[in-house]
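Below, each chain spelled out in residue letters.
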Amino acid sequence: HLPNPESGSAVAIGGNIAGGIDNAGPTGAGSTIVSASITGNGIASTPVFLISPTVQGVAAPTPITIGVYTADTLDPGYSFYNRGSITATPIDPNISASAVVISGASPVAPLTMTGGIFSSGLISATAGTNELIPATTTAPVTATALTIGQFTTIPKLTVSTEAISGVKTTSGSISASVSGIGGGVAAAVSIQQNASMPEIDLLAGSSIQATSTTPTAAPTQPVLLEAFGIDHLSGNLLTVNHAGTIT
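What you see is a predicted model, and the numbers here were worked out from it, not measured in a lab.

Rules and cut-offs
Residues numbered from 1 in each chain as written. Predicted model: local features only at pLDDT ≥ 70, side-chain atom pairs only at ≥ 80, totals over all residues. Heavy atoms only, no water. Pairing = 2+ DSSP bridges. Helix = DSSP H or I, 4+ residues; strand = E, 2+ residues; numbered from the N terminus. Phe/Tyr/Trp six-rings, centres within 6.5 Å; stacked < 30°, edge-to-face > 60°. Buried < 20%, exposed > 50% of the residue type's maximum accessible area, 1.4 Å probe, protein only. Salt bridge = Lys/Arg side-chain N within 4 Å of Asp/Glu carboxyl O. Polar contact = N/O pair within 3.5 Å; in protein donor to acceptor, adjacent residues only side chain to side chain.

A. Main features of the sheet that holds strand β24 (residues 245-246). Across the sheet, six strands lie side by side as β3-β7-β11-β17-β21-β24; this open sheet has parallel pairing. Here the strands that pair on one side only, and so sit at the sheet edges, are β3 (37-40) and β24. Pairing geometry for β3 and strand β7 (residues 85-88), over four bridges, is parallel. What sits directly across from Gly-40, in β7, is Ala-88.

B. Structural context of the packing of aromatic side chains. Applying the stated criterion across every chain yields a total of five aromatic pairs. Aromatic side chains Phe-49 and Phe-80 sit 5.2 Å apart centroid to centroid with 25 degrees between the ring planes, which places their arrangement in the stacked category. Of this pair, Phe-49 sits in strand β4 (residues 49-51) while Phe-80 sits in strand β6 (residues 78-82); the two residues are 31 residues apart in sequence, bridging distant segments of the chain. The class of Phe-49 is buried, set by a relative accessible area of 3%. Here Phe-80 falls in the buried class, since its relative accessible area comes to 2%. Three or more aromatic residues joined by ring pairs make a cluster, and in this case those are Tyr-69, Tyr-78, Tyr-81 and Phe-118.

C. The arrangement of the pattern of salt bridges in detail. Applying the stated criterion across every chain yields a total of four salt bridges. The partner of Asp-75 in a salt bridge is Arg-83, with the nearest N and O atoms 2.9 Å apart. In this pair, the class of Asp-75 matches that of Arg-83, namely buried. We note a salt bridge from Arg-83 to Glu-162, for which the minimum N-O separation is 2.9 Å. Linking Arg-83 in the loop between β6 and β7 with Glu-162 in the loop between β14 (156-159) and β15 (163-165), this pair joins segments that are 79 residues apart in sequence. Just as Arg-83 is buried, Glu-162 falls in that class too. Members of the salt-bridge network, linked through shared partners, are Asp-72, Asp-75, Arg-83 and Glu-162.

D. Representation of the side chain of Arg-83. Residue Arg-83 is classed as buried on the basis of its relative accessible area of 2%. For Arg-83, the side chain forms a polar contact with the side chain of Ser-120, separated by 3.4 Å. A polar contact of 2.9 Å, which involves the side chain of Arg-83, links it to the side chain of Glu-162.

E. Examining the sheet that holds strand β13 (residues 152-153) more closely. Taken together, four strands build an open sheet; the order of strands is β5-β9-β13-β19 and the sheet is parallel. Looking along the sheet, the strands with just one partner apiece sit at the ends: β5 (64-66) and β19 (195-196). Bridge analysis of strand β9 (residues 111-113) against β13 gives two bridges, and the strand direction is parallel. Looking at the pairing, Leu-111 lines up with Thr-152 of β13.

F. Representation of unusual backbone geometry. At Phe-151, a position not held by glycine, the phi torsion is positive, near 55 degrees. Of note, Phe-151 is situated in the loop between β12 (142-148) and β13. Although it is not a glycine, Asn-194 sits at a positive phi angle of roughly 65 degrees. Mapped onto the secondary structure, Asn-194 falls in the loop between β18 (184-191) and β19.

What is shown is where atoms sit, not what they do.
Listed below in structure tokens is the structure:
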């Protein structure tokens, strides 16, 4: 049958935001803030949430700076807060999924966040396969939750949970999953070459998780099954403070 139409980016930012970004959600016990939700199909070329000079759509894009969001006093100092959810799930199988991409365009059109990224909500990408995808001849289906792209400078990423009431907490999760007979590659956090994000803080109760699975016990051709909690290619990640779960 003909493929279903897949959505473009739900949010695409191509300019400066001096006051930072807040995808709102509960901030602690007794909080009445409802979790905001940003969803889409998130096919790889059009992630659900995109911040990049490439959004400008010109041959020579200009740099982008995202300033600090100062209204959050519970966990101050960050440029991008995600206390809600940002999720990517294509409609059709055999299509790669991407939830959040933050990337510069070139050495002369970089992206800078003066504060870091704080996520106590959910960032997730999910993709599926329904046909054999030979690892030796065909590009794999991928699912990537958070991509820190080239020519990007971000001080740090913090993943946390927030106590809501009793033992209930926010999800505090960044996750990526590929499943199906064709296998694939899942990466929860991908830090690409020429990106600078020197610190990741994973606080108690939070998680960075990736899974790639197939129900096929004996495929007729080799399939690729790879899963990376943190896929670090830049050489600039200096510190990981880990008190949660990475799988």
